[in-house]
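Structural description and commentary
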Amino acid sequence: MTTSDSGEAQRELWNRVRARIKTVVGVDVFTSWFASLELEEIVDDVAHLSAPTRFLCSWVQSNYAERILEAFRQDLPETGRIQVTLRVNGQARPRFTPVATEAAPVDAPAPQPASYAAPVSSLARFPRDTAATKGDALSGSAIDPRMTFDSFVAGEANEMAFGVAKQIANAAANNTVTFNPVYIHSTVGLGKSHLLNAIAHAVQSADATKNIVYLTADHFMYHFITAVQRQSALGFKEWLRRVDLLLIDDMQFLQGKSATEFGHTLGTLLTGAKQVVVAGDAPPRDLEMLDERVRSRLSGGLVVPISGFDLELRRAIVQRRADQSTARYGMHFPTPVIDYISRAVISHGRDLDGAVNRLVAANQLTGELITVPLAEKTLGDLIRSREARRVRIEDILRIVSRHYKVPRNELLSARRSRDVVRPRQIAMFLAKALTSRSLPEIGRRFGGRDHTTVLHSVRKVESMIKDDVELGQEIELLKRMLEE
(Lines give C-alpha, C1' and ligand atoms only; values in the text may rest on other atoms or scores of the structure.)
Protein backbone atom coordinates (compact mmCIF):
# COMPACT_ATOMS: atom_id res chain seq x y z
CA MET A 1 0.00 0.00 0.00
CA THR A 2 1.21 3.54 -0.73
CA THR A 3 -0.02 6.98 0.19
CA SER A 4 -1.84 7.12 -3.15
CA ASP A 5 -4.20 4.30 -2.19
CA SER A 6 -7.76 5.26 -1.54
CA GLY A 7 -8.81 6.51 1.86
CA GLU A 8 -11.55 3.89 1.95
CA ALA A 9 -9.06 1.05 1.55
CA GLN A 10 -6.93 2.50 4.31
CA ARG A 11 -9.92 2.77 6.66
CA GLU A 12 -10.86 -0.86 5.97
CA LEU A 13 -7.29 -1.97 6.65
CA TRP A 14 -7.16 -0.06 9.92
CA ASN A 15 -10.53 -1.50 11.01
CA ARG A 16 -9.20 -5.02 10.44
CA VAL A 17 -6.01 -4.26 12.34
CA ARG A 18 -8.00 -2.77 15.25
CA ALA A 19 -10.25 -5.83 15.39
CA ARG A 20 -7.24 -8.16 15.60
CA ILE A 21 -5.66 -6.10 18.37
CA LYS A 22 -8.91 -6.02 20.37
CA THR A 23 -9.19 -9.82 20.11
CA VAL A 24 -5.65 -10.25 21.45
CA VAL A 25 -5.54 -7.66 24.25
CA GLY A 26 -9.18 -7.58 25.34
CA VAL A 27 -11.74 -4.78 25.43
CA ASP A 28 -10.40 -2.97 28.53
CA VAL A 29 -6.79 -2.72 27.34
CA PHE A 30 -7.94 -1.84 23.83
CA THR A 31 -10.12 0.99 25.14
CA SER A 32 -7.29 2.38 27.29
CA TRP A 33 -4.46 2.34 24.75
CA PHE A 34 -5.72 1.72 21.22
CA ALA A 35 -9.19 3.24 20.78
CA SER A 36 -7.90 6.77 20.09
CA LEU A 37 -5.13 5.73 17.68
CA GLU A 38 -5.55 6.58 14.01
CA LEU A 39 -3.78 5.33 10.91
CA GLU A 40 -2.40 8.34 9.00
CA GLU A 41 -0.44 6.78 6.15
CA ILE A 42 1.77 3.89 5.13
CA VAL A 43 5.01 4.98 3.49
CA ASP A 44 7.33 2.31 2.14
CA ASP A 45 7.38 -0.27 4.96
CA VAL A 46 6.41 2.09 7.82
CA ALA A 47 2.87 2.40 9.19
CA HIS A 48 2.43 5.90 10.64
CA LEU A 49 -0.13 6.11 13.45
CA SER A 50 -1.16 9.15 15.48
CA ALA A 51 -2.29 9.57 19.08
CA PRO A 52 -3.85 12.54 20.91
CA THR A 53 -1.25 12.80 23.72
CA ARG A 54 2.52 12.57 23.97
CA PHE A 55 2.25 10.06 26.78
CA LEU A 56 0.10 7.77 24.67
CA CYS A 57 2.58 8.07 21.77
CA SER A 58 5.46 7.08 24.01
CA TRP A 59 3.58 4.28 25.79
CA VAL A 60 2.22 2.61 22.66
CA GLN A 61 5.55 2.93 20.83
CA SER A 62 7.42 1.40 23.77
CA ASN A 63 4.98 -1.32 24.80
CA TYR A 64 2.75 -2.30 21.87
CA ALA A 65 4.61 -1.54 18.63
CA GLU A 66 5.44 -5.21 18.00
CA ARG A 67 1.88 -6.32 18.63
CA ILE A 68 0.49 -3.68 16.24
CA LEU A 69 3.12 -4.66 13.68
CA GLU A 70 2.00 -8.30 13.83
CA ALA A 71 -1.60 -7.22 13.20
CA PHE A 72 -0.55 -5.18 10.15
CA ARG A 73 1.57 -7.99 8.71
CA GLN A 74 -1.47 -10.26 8.37
CA ASP A 75 -2.62 -7.90 5.60
CA LEU A 76 0.72 -6.36 4.59
CA PRO A 77 3.59 -8.81 5.18
CA GLU A 78 6.09 -6.20 4.00
CA THR A 79 5.32 -3.83 6.91
CA GLY A 80 8.59 -3.34 8.76
CA ARG A 81 7.95 -0.78 11.49
CA ILE A 82 5.33 1.19 13.41
CA GLN A 83 5.78 4.91 14.10
CA VAL A 84 3.41 6.70 16.50
CA THR A 85 3.37 10.51 16.45
CA LEU A 86 1.35 13.22 18.15
CA ARG A 87 -1.94 14.48 16.76
CA VAL A 88 -2.26 18.23 17.44
CA ASN A 89 -5.68 19.93 17.60
CA GLY A 90 -7.23 16.98 15.82
CA GLN A 91 -4.66 17.00 13.03
CA ALA A 92 -1.74 14.66 12.57
CA ARG A 93 1.82 15.62 11.93
CA PRO A 94 2.53 17.16 8.53
CA ARG A 95 3.59 14.52 6.06
CA PHE A 96 6.68 14.43 3.96
CA THR A 97 6.32 15.39 0.32
CA PRO A 98 9.24 14.78 -2.02
CA VAL A 99 10.48 17.80 -3.93
CA ALA A 100 8.77 17.85 -7.32
CA THR A 101 11.16 17.39 -10.22
CA GLU A 102 10.76 17.82 -13.96
CA ALA A 103 11.36 14.82 -16.18
CA ALA A 104 15.06 14.88 -17.14
CA PRO A 105 16.13 14.69 -20.80
CA VAL A 106 17.96 11.59 -21.92
CA ASP A 107 21.33 13.31 -22.02
CA ALA A 108 20.93 15.06 -18.68
CA PRO A 109 23.57 14.50 -15.99
CA ALA A 110 22.92 11.90 -13.32
CA PRO A 111 20.51 13.12 -10.62
CA GLN A 112 21.90 14.38 -7.32
CA PRO A 113 20.84 12.87 -3.97
CA ALA A 114 17.28 13.72 -2.98
CA SER A 115 16.81 17.09 -1.34
CA TYR A 116 14.76 17.62 1.79
CA ALA A 117 11.46 19.43 1.43
CA ALA A 118 10.50 20.95 4.75
CA PRO A 119 6.84 20.23 5.52
CA VAL A 120 4.91 23.27 6.70
CA SER A 121 2.19 22.90 9.31
CA SER A 122 -1.12 24.52 8.47
CA LEU A 123 -1.54 25.17 12.18
CA ALA A 124 1.40 27.55 12.36
CA ARG A 125 0.71 31.25 12.14
CA PHE A 126 4.17 32.63 11.45
CA PRO A 127 4.33 35.01 8.46
CA ARG A 128 7.32 34.36 6.29
CA ASP A 129 9.39 36.79 4.24
CA THR A 130 8.40 35.99 0.66
CA ALA A 131 12.00 36.59 -0.41
CA ALA A 132 13.29 33.87 1.89
CA THR A 133 14.61 30.71 0.28
CA LYS A 134 11.90 28.07 0.11
CA GLY A 135 12.45 25.33 2.64
CA ASP A 136 14.60 27.42 4.96
CA ALA A 137 11.97 27.60 7.69
CA LEU A 138 9.88 24.95 9.35
CA SER A 139 6.81 25.70 11.36
CA GLY A 140 7.27 22.15 12.66
CA SER A 141 5.14 21.34 15.66
CA ALA A 142 2.01 23.44 15.92
CA ILE A 143 2.60 26.81 17.57
CA ASP A 144 -0.09 27.82 20.05
CA PRO A 145 -0.99 31.50 19.42
CA ARG A 146 -2.17 31.83 23.03
CA MET A 147 1.25 31.01 24.49
CA THR A 148 2.94 34.41 24.56
CA PHE A 149 4.91 36.30 27.18
CA ASP A 150 1.84 38.46 27.84
CA SER A 151 -0.28 35.42 28.73
CA PHE A 152 2.39 33.84 30.95
CA VAL A 153 1.80 34.23 34.70
CA ALA A 154 5.11 34.63 36.54
CA GLY A 155 5.79 33.92 40.20
CA GLU A 156 8.54 32.75 42.50
CA ALA A 157 8.56 29.24 41.02
CA ASN A 158 9.14 30.33 37.42
CA GLU A 159 10.43 33.92 37.47
CA MET A 160 14.01 32.93 36.61
CA ALA A 161 12.88 30.85 33.61
CA PHE A 162 10.57 33.68 32.53
CA GLY A 163 13.35 36.28 32.73
CA VAL A 164 15.82 34.08 30.85
CA ALA A 165 13.27 33.35 28.11
CA LYS A 166 12.60 37.05 27.54
CA GLN A 167 16.32 37.77 27.46
CA ILE A 168 16.90 35.00 24.90
CA ALA A 169 14.09 36.31 22.68
CA ASN A 170 15.44 39.86 22.81
CA ALA A 171 19.00 38.73 22.03
CA ALA A 172 17.94 36.43 19.17
CA ALA A 173 15.87 39.20 17.60
CA ASN A 174 18.98 41.40 17.66
CA ASN A 175 21.30 38.76 16.19
CA THR A 176 23.17 38.14 19.43
CA VAL A 177 23.46 35.13 21.72
CA THR A 178 23.50 35.35 25.51
CA PHE A 179 23.27 31.94 27.17
CA ASN A 180 23.73 28.97 24.88
CA PRO A 181 22.39 26.35 25.05
CA VAL A 182 19.55 26.97 27.49
CA TYR A 183 17.87 23.98 29.12
CA ILE A 184 14.55 24.45 30.99
CA HIS A 185 13.28 21.53 33.05
CA SER A 186 10.31 20.76 35.28
CA THR A 187 7.59 18.21 35.77
CA VAL A 188 4.57 18.27 33.47
CA GLY A 189 2.32 21.31 33.18
CA LEU A 190 4.53 24.01 34.73
CA GLY A 191 5.06 26.18 31.65
CA LYS A 192 8.05 24.87 29.68
CA SER A 193 6.16 24.63 26.39
CA HIS A 194 4.55 28.01 27.02
CA LEU A 195 7.97 29.65 27.31
CA LEU A 196 9.32 27.98 24.16
CA ASN A 197 6.25 29.11 22.20
CA ALA A 198 6.58 32.60 23.65
CA ILE A 199 10.24 32.85 22.60
CA ALA A 200 9.31 31.82 19.05
CA HIS A 201 6.45 34.34 18.88
CA ALA A 202 8.56 37.21 20.22
CA VAL A 203 11.50 36.62 17.85
CA GLN A 204 9.25 36.16 14.83
CA SER A 205 7.32 39.34 15.66
CA ALA A 206 10.57 41.32 15.90
CA ASP A 207 12.09 39.91 12.70
CA ALA A 208 9.90 37.92 10.31
CA THR A 209 12.93 36.79 8.26
CA LYS A 210 14.37 34.68 11.09
CA ASN A 211 14.51 30.94 10.53
CA ILE A 212 12.89 29.57 13.66
CA VAL A 213 12.40 25.85 14.20
CA TYR A 214 10.18 24.70 17.06
CA LEU A 215 9.92 20.92 17.32
CA THR A 216 8.77 18.46 19.91
CA ALA A 217 11.21 15.58 20.32
CA ASP A 218 8.84 13.06 18.74
CA HIS A 219 8.37 15.39 15.76
CA PHE A 220 12.16 15.68 15.43
CA MET A 221 12.36 11.87 15.36
CA TYR A 222 9.57 11.68 12.77
CA HIS A 223 11.36 14.15 10.50
CA PHE A 224 14.73 12.44 10.83
CA ILE A 225 13.47 8.88 10.34
CA THR A 226 11.36 9.84 7.33
CA ALA A 227 14.26 11.77 5.80
CA VAL A 228 16.44 8.67 6.15
CA GLN A 229 13.76 6.52 4.53
CA ARG A 230 13.53 8.93 1.61
CA GLN A 231 17.32 9.03 1.29
CA SER A 232 17.33 12.76 2.03
CA ALA A 233 19.03 12.69 5.44
CA LEU A 234 21.89 14.92 4.31
CA GLY A 235 19.45 17.52 3.03
CA PHE A 236 17.56 17.37 6.34
CA LYS A 237 20.74 17.90 8.34
CA GLU A 238 21.91 20.82 6.24
CA TRP A 239 18.47 22.42 6.33
CA LEU A 240 18.25 22.10 10.11
CA ARG A 241 21.69 23.58 10.65
CA ARG A 242 20.76 26.74 8.77
CA VAL A 243 18.28 27.84 11.43
CA ASP A 244 18.73 30.96 13.56
CA LEU A 245 16.82 29.66 16.56
CA LEU A 246 16.18 25.99 17.43
CA LEU A 247 13.63 25.10 20.11
CA ILE A 248 13.23 21.43 21.11
CA ASP A 249 10.43 20.45 23.52
CA ASP A 250 9.88 17.21 25.48
CA MET A 251 13.54 16.23 25.22
CA GLN A 252 12.94 13.14 27.36
CA PHE A 253 11.19 11.43 24.44
CA LEU A 254 14.17 11.63 22.08
CA GLN A 255 15.51 8.13 21.41
CA GLY A 256 17.82 6.09 19.21
CA LYS A 257 19.59 7.52 16.19
CA SER A 258 17.50 10.68 16.41
CA ALA A 259 19.15 11.44 19.78
CA THR A 260 22.56 10.99 18.15
CA GLU A 261 21.58 13.29 15.29
CA PHE A 262 20.37 15.90 17.78
CA GLY A 263 23.81 15.77 19.40
CA HIS A 264 25.51 16.46 16.05
CA THR A 265 23.07 19.27 15.28
CA LEU A 266 23.56 20.81 18.73
CA GLY A 267 27.32 20.85 18.32
CA THR A 268 27.11 22.45 14.87
CA LEU A 269 24.68 25.16 15.96
CA LEU A 270 26.68 26.05 19.07
CA THR A 271 29.90 26.25 17.04
CA GLY A 272 28.12 28.63 14.67
CA ALA A 273 26.77 30.68 17.62
CA LYS A 274 23.14 29.84 16.84
CA GLN A 275 20.71 29.95 19.74
CA VAL A 276 19.41 26.60 21.05
CA VAL A 277 16.70 26.24 23.72
CA VAL A 278 15.68 22.81 25.02
CA ALA A 279 12.98 21.76 27.49
CA GLY A 280 12.59 18.44 29.30
CA ASP A 281 11.13 16.85 32.39
CA ALA A 282 14.48 16.09 34.06
CA PRO A 283 17.94 17.72 34.40
CA PRO A 284 20.40 16.98 31.56
CA ARG A 285 22.32 14.45 33.67
CA ASP A 286 19.18 12.26 33.86
CA LEU A 287 18.62 12.10 30.09
CA GLU A 288 20.01 8.60 29.73
CA MET A 289 19.14 8.31 26.02
CA LEU A 290 21.73 10.99 25.21
CA ASP A 291 25.42 10.24 25.21
CA GLU A 292 27.69 11.83 27.80
CA ARG A 293 29.02 14.51 25.44
CA VAL A 294 25.55 15.84 24.64
CA ARG A 295 24.50 15.82 28.29
CA SER A 296 27.71 17.65 29.12
CA ARG A 297 27.03 20.32 26.49
CA LEU A 298 23.51 20.86 27.78
CA SER A 299 24.75 21.03 31.37
CA GLY A 300 27.50 23.43 30.32
CA GLY A 301 24.96 26.00 29.15
CA LEU A 302 22.32 27.60 31.35
CA VAL A 303 20.14 25.04 33.15
CA VAL A 304 16.96 26.60 34.51
CA PRO A 305 14.54 24.64 36.73
CA ILE A 306 10.87 25.48 37.28
CA SER A 307 9.63 24.32 40.67
CA GLY A 308 6.11 23.43 41.80
CA PHE A 309 3.64 26.30 42.09
CA ASP A 310 2.94 27.78 45.51
CA LEU A 311 -0.51 28.98 46.58
CA GLU A 312 0.19 32.57 45.53
CA LEU A 313 1.15 31.62 41.98
CA ARG A 314 -1.75 29.17 41.64
CA ARG A 315 -4.12 31.93 42.67
CA ALA A 316 -2.59 34.37 40.20
CA ILE A 317 -3.04 31.84 37.38
CA VAL A 318 -6.66 31.13 38.30
CA GLN A 319 -7.39 34.86 38.61
CA ARG A 320 -5.89 35.55 35.17
CA ARG A 321 -7.88 32.74 33.53
CA ALA A 322 -11.05 33.83 35.33
CA ASP A 323 -10.58 37.45 34.16
CA GLN A 324 -10.13 36.22 30.58
CA SER A 325 -13.36 34.20 30.81
CA THR A 326 -15.19 37.17 32.31
CA ALA A 327 -14.05 39.41 29.46
CA ARG A 328 -15.04 36.83 26.84
CA TYR A 329 -18.31 35.46 28.24
CA GLY A 330 -19.43 38.09 30.75
CA MET A 331 -19.65 35.61 33.63
CA HIS A 332 -18.59 36.32 37.20
CA PHE A 333 -16.03 34.30 39.18
CA PRO A 334 -16.53 35.10 42.88
CA THR A 335 -13.42 35.42 45.05
CA PRO A 336 -14.33 32.35 47.18
CA VAL A 337 -14.41 30.20 44.01
CA ILE A 338 -10.98 31.45 42.93
CA ASP A 339 -9.65 30.76 46.43
CA TYR A 340 -11.18 27.26 46.39
CA ILE A 341 -9.62 26.30 43.04
CA SER A 342 -6.22 27.67 44.10
CA ARG A 343 -6.19 25.60 47.29
CA ALA A 344 -7.85 22.43 46.00
CA VAL A 345 -6.18 21.94 42.60
CA ILE A 346 -2.52 21.63 43.56
CA SER A 347 -1.08 19.72 40.61
CA HIS A 348 -0.01 22.06 37.81
CA GLY A 349 -1.01 24.88 35.50
CA ARG A 350 -2.91 22.77 32.99
CA ASP A 351 -5.23 21.45 35.67
CA LEU A 352 -5.82 25.01 36.87
CA ASP A 353 -6.72 26.05 33.31
CA GLY A 354 -8.92 22.97 33.03
CA ALA A 355 -10.71 23.81 36.28
CA VAL A 356 -11.66 27.27 35.03
CA ASN A 357 -12.75 25.88 31.66
CA ARG A 358 -14.98 23.29 33.31
CA LEU A 359 -16.77 25.94 35.37
CA VAL A 360 -17.24 28.10 32.26
CA ALA A 361 -18.73 25.10 30.44
CA ALA A 362 -21.00 24.23 33.37
CA ASN A 363 -22.27 27.81 33.50
CA GLN A 364 -22.83 27.97 29.73
CA LEU A 365 -24.60 24.61 29.52
CA THR A 366 -26.77 24.73 32.64
CA GLY A 367 -27.04 28.44 33.46
CA GLU A 368 -26.01 27.65 37.03
CA LEU A 369 -24.09 30.44 38.78
CA ILE A 370 -20.42 29.82 39.45
CA THR A 371 -20.23 29.00 43.15
CA VAL A 372 -18.09 26.91 45.49
CA PRO A 373 -20.69 24.07 45.55
CA LEU A 374 -20.65 24.00 41.74
CA ALA A 375 -16.84 23.89 41.82
CA GLU A 376 -16.88 21.02 44.35
CA LYS A 377 -19.26 19.07 42.14
CA THR A 378 -17.55 19.85 38.83
CA LEU A 379 -13.89 19.53 39.86
CA GLY A 380 -14.19 16.47 42.07
CA ASP A 381 -12.05 14.18 39.91
CA LEU A 382 -9.25 16.76 39.60
CA ILE A 383 -9.02 16.90 43.36
CA ARG A 384 -9.57 13.20 44.07
CA SER A 385 -7.05 12.14 41.47
CA ARG A 386 -4.39 14.02 43.39
CA GLU A 387 -5.54 12.95 46.84
CA ALA A 388 -5.75 9.28 45.82
CA ARG A 389 -2.44 9.16 43.91
CA ARG A 390 -1.46 5.51 44.06
CA VAL A 391 2.25 4.81 44.00
CA ARG A 392 3.18 1.40 42.60
CA ILE A 393 6.33 -0.57 43.32
CA GLU A 394 6.96 -0.53 39.56
CA ASP A 395 6.99 3.28 39.69
CA ILE A 396 9.50 3.18 42.55
CA LEU A 397 11.80 0.81 40.68
CA ARG A 398 11.67 3.02 37.58
CA ILE A 399 12.37 6.30 39.42
CA VAL A 400 15.13 4.86 41.63
CA SER A 401 16.73 3.12 38.67
CA ARG A 402 16.79 6.34 36.67
CA HIS A 403 17.92 8.53 39.57
CA TYR A 404 20.85 6.32 40.62
CA LYS A 405 21.60 5.03 37.10
CA VAL A 406 21.28 1.41 38.22
CA PRO A 407 19.47 -0.94 35.81
CA ARG A 408 16.14 -2.21 37.15
CA ASN A 409 17.20 -5.85 36.82
CA GLU A 410 20.18 -5.19 39.12
CA LEU A 411 17.91 -3.74 41.80
CA LEU A 412 16.14 -7.11 41.75
CA SER A 413 19.32 -9.17 41.51
CA ALA A 414 21.51 -10.72 44.23
CA ARG A 415 24.38 -8.29 43.63
CA ARG A 416 25.88 -6.91 46.85
CA SER A 417 28.12 -4.10 45.58
CA ARG A 418 27.59 -0.73 47.28
CA ASP A 419 26.43 1.03 44.11
CA VAL A 420 23.49 -1.44 43.93
CA VAL A 421 22.76 -2.19 47.60
CA ARG A 422 22.09 1.39 48.66
CA PRO A 423 19.60 2.23 45.85
CA ARG A 424 17.91 -1.14 46.48
CA GLN A 425 17.52 -0.33 50.19
CA ILE A 426 16.14 3.11 49.38
CA ALA A 427 13.67 1.57 46.94
CA MET A 428 12.46 -0.86 49.62
CA PHE A 429 12.17 2.02 52.11
CA LEU A 430 10.04 3.98 49.62
CA ALA A 431 7.89 0.92 48.92
CA LYS A 432 7.16 0.60 52.65
CA ALA A 433 6.53 4.34 53.07
CA LEU A 434 4.43 5.03 49.97
CA THR A 435 2.50 1.82 49.28
CA SER A 436 0.12 -0.35 51.27
CA ARG A 437 2.11 -3.51 50.49
CA SER A 438 3.18 -5.74 53.35
CA LEU A 439 6.84 -6.57 54.00
CA PRO A 440 6.51 -10.09 52.50
CA GLU A 441 4.82 -8.64 49.40
CA ILE A 442 7.59 -6.05 48.98
CA GLY A 443 10.19 -8.78 49.39
CA ARG A 444 8.59 -10.86 46.65
CA ARG A 445 8.55 -7.88 44.29
CA PHE A 446 12.26 -7.27 44.96
CA GLY A 447 13.53 -10.51 43.55
CA GLY A 448 11.91 -12.92 46.01
CA ARG A 449 13.59 -11.60 49.15
CA ASP A 450 12.57 -12.47 52.70
CA HIS A 451 10.52 -9.94 54.69
CA THR A 452 13.38 -9.65 57.20
CA THR A 453 15.60 -8.30 54.42
CA VAL A 454 13.03 -5.63 53.65
CA LEU A 455 12.73 -4.71 57.34
CA HIS A 456 16.52 -4.45 57.64
CA SER A 457 16.62 -2.14 54.59
CA VAL A 458 13.87 0.10 55.97
CA ARG A 459 15.59 0.45 59.35
CA LYS A 460 18.96 0.99 57.67
CA VAL A 461 17.65 3.89 55.59
CA GLU A 462 15.82 5.40 58.56
CA SER A 463 19.10 5.31 60.47
CA MET A 464 21.07 6.86 57.60
CA ILE A 465 18.56 9.69 57.21
CA LYS A 466 19.10 10.73 60.84
CA ASP A 467 22.84 11.21 60.24
CA ASP A 468 22.82 12.38 56.63
CA VAL A 469 20.77 15.51 55.88
CA GLU A 470 21.63 15.38 52.18
CA LEU A 471 20.33 11.82 51.89
CA GLY A 472 17.13 12.88 53.64
CA GLN A 473 16.62 15.66 51.08
CA GLU A 474 17.35 13.23 48.25
CA ILE A 475 14.70 10.80 49.48
CA GLU A 476 12.18 13.63 49.86
CA LEU A 477 12.88 14.55 46.24
CA LEU A 478 12.24 10.94 45.17
CA LYS A 479 8.97 10.97 47.12
CA ARG A 480 7.81 14.13 45.35
CA MET A 481 8.72 12.65 41.98
CA LEU A 482 6.65 9.56 42.78
CA GLU A 483 3.67 11.47 44.16
CA GLU A 484 3.38 13.98 41.30
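Located above this text is the structure these notes cover.
Residues numbered from 1 in each chain as written. Predicted model: local features only at pLDDT ≥ 70, side-chain atom pairs only at ≥ 80, totals over all residues. Heavy atoms only, no water.

**A look at the overall build of the chain**
Note the cut-off: Helix and strand definitions here come from DSSP, where helices need a minimum of 4 consecutive H or I residues and strands a minimum of 2 consecutive E residues; each element is numbered from the N-terminal end. Accessibility here uses a 1.4 Å probe with only protein chains present; expressed as a share of the type maximum, an area under 20% marks a residue as buried, one over 50% as exposed, and anything in between as partly exposed. Should any heavy atoms of two residues lie within 4.5 Å, those residues are counted as being in contact.
In terms of helices and strands, the chain carries 21 helices and 8 strands. The proportion of buried residues among the 484 residues of the chain is 48%. Intrachain contacts of the chain at a sequence separation of at least 6 include 72% that bridge at least 24 residues.

**A word on the packing of aromatic side chains**
Rules: Centre distance within 6.5 Å is the pairing criterion for rings of Phe, Tyr and Trp, where only the six-membered ring of Trp is used; planes under 30 degrees apart are then read as stacked, over 60 as edge-to-face, and the remainder as tilted.
The final tally for this structure, using the stated rule, is 5 aromatic pairs. Ring plane angle 20° and centroid distance 6.0 Å describe the contact between Trp14 and Phe72, whose orientation is recorded as stacked. Here Trp14 is found in helix 1 (residues 7-25), whereas its partner Phe72 is found in helix 4 (residues 65-73), with 58 residues between them in sequence. Comparing Trp14 with Phe72 shows no difference in burial state: the two are buried. For the ring pair Phe30 and Phe34, a centre distance of 6.0 Å and an interplane angle of 20° mean the geometry is stacked. Chaining the aromatic ring pairs together yields one cluster made of Phe30, Phe34 and Tyr64.

**So, the pattern of salt bridges**
Note the threshold: Salt bridges are defined by distance alone: a side-chain nitrogen of Lys or Arg within 4 Å of a carboxyl oxygen of Asp or Glu.
Counting across every chain of the model gives 15 salt bridges. The partner of Arg408 in a salt bridge is Glu394, and the shortest N-O contact between them spans 2.9 Å. Of the two residues, Arg408 is situated in helix 17 (residues 408-411) and Glu394 in helix 16 (residues 393-404); the sequence distance between them amounts to 14 residues. Since its relative accessible area comes to 28%, Glu394 is described here as partly exposed. A salt bridge links Arg422 to Asp468, with the shortest nitrogen-to-oxygen separation between them at 4.0 Å. Here Asp468 lies in the loop between helix 20 (451-467) and helix 21 (469-483) and Arg422 lies in helix 18 (residues 418-434), a separation of 46 residues in the sequence.

**Some thoughts on helix 5 (residues 159-173)**
Where we set the bar: Here, expected helix span is obtained from the residue count minus one, scaled by 1.5 Å.
For helix 5, with 15 residues, the first-to-last C-alpha span of 21 Å sits near the 21 Å given by 1.5 Å per residue. Every buried residue of helix 5 is listed here: Ala161, Phe162, Val164, Ala165, Ile168, Ala169, Ala171, Ala172 and Ala173. The elements touched by buried residues of helix 5 are strand 4 (182-185), helix 6 (192-206), strand 7 (275-280) and strand 8 (302-305).

**Overview of the nonpolar core**
Note the cut-off: Working definition of a nonpolar core: buried Ala, Val, Leu, Ile, Met, Phe, Trp, Tyr and Cys residues. They are joined through side-chain atoms within 4.5 Å.
Among the nonpolar cores identified, the biggest contains 54 residues, and Leu195, Ile199, Leu247, Val277, Phe333 and Ile341 are the most heavily contacted of them. For this core, the leading source of residues is helix 5, giving 7 residues. Setting aside its immediate chain neighbours within four residues, Leu247 contacts Leu196, Ile199, Ala200, Ile212, Val213, Tyr214, Leu215 and Val277.

**Observations concerning the environment of Ser296**
Along the polypeptide, Ser296 turns up in helix 10 (residues 292-300). A residue is classified by how much of its surface remains accessible, and Ser296, at 43% relative accessible area, is partly exposed.

**Some details on the environment of Trp14**
For Trp14, a relative accessible area of 9% gives the class buried. Residues Trp14 and Phe72, spaced 58 residues apart in sequence, show a C-alpha to C-alpha distance of 8.4 Å. Those residues within four positions of Trp14 in sequence are excluded, and the remaining contacts are Leu37, Glu38, Leu39, Leu49 and Phe72.

**Some words on the packing of helix 16 against helix 18**
Short version of the rule: In this analysis an axis means a line fitted to C-alpha atoms, helices contributing only their contacting stretch, and an angle means the value between N-to-C directions, from 0 to 180 degrees. Crossings are sorted by hand: turned counterclockwise from the far helix by less than a right angle, the near helix makes the crossing left-handed, and turned clockwise it makes it right-handed. Residue polarity follows a fixed list, in which Ala, Val, Leu, Ile, Met, Phe, Trp, Tyr, Cys and Pro are nonpolar, Asp, Glu, Lys and Arg are charged, and the others, Gly among them, are polar.
At a minimum axis separation of 10 Å, helix 16 and helix 18 run at an interaxial angle of 145°. The handedness of the crossing between helix 16 and helix 18 comes out as right-handed. Residues Ile393, Ile396, Val400 and Tyr404 of helix 16 form the contact with helix 18, whose participating residues are Pro423, Ile426, Ala427, Leu430 and Ala431. Class assignment for the residues of the contact of helix 16 with helix 18 results in 9 nonpolar, no polar and no charged.

**Notes on the sheet that holds strand 6 (residues 245-249)**
For clarity, the cut-off: Strands were regarded as paired on the criterion that DSSP finds at least two bridges between them.
Judged by pairing direction, the sheet is parallel, and its 5 strands sit side by side in the order 5-6-7-4-8 without closing on themselves. Looking at strand neighbours, the two that pair on one side only are strand 5 (212-216) and strand 8, the edges of this open sheet. Between one strand axis and the next, the sheet turns through 15° on average, direction left out of account. Examined bridge by bridge, strand 6 and strand 7 share 4 bridges and lie parallel to one another.

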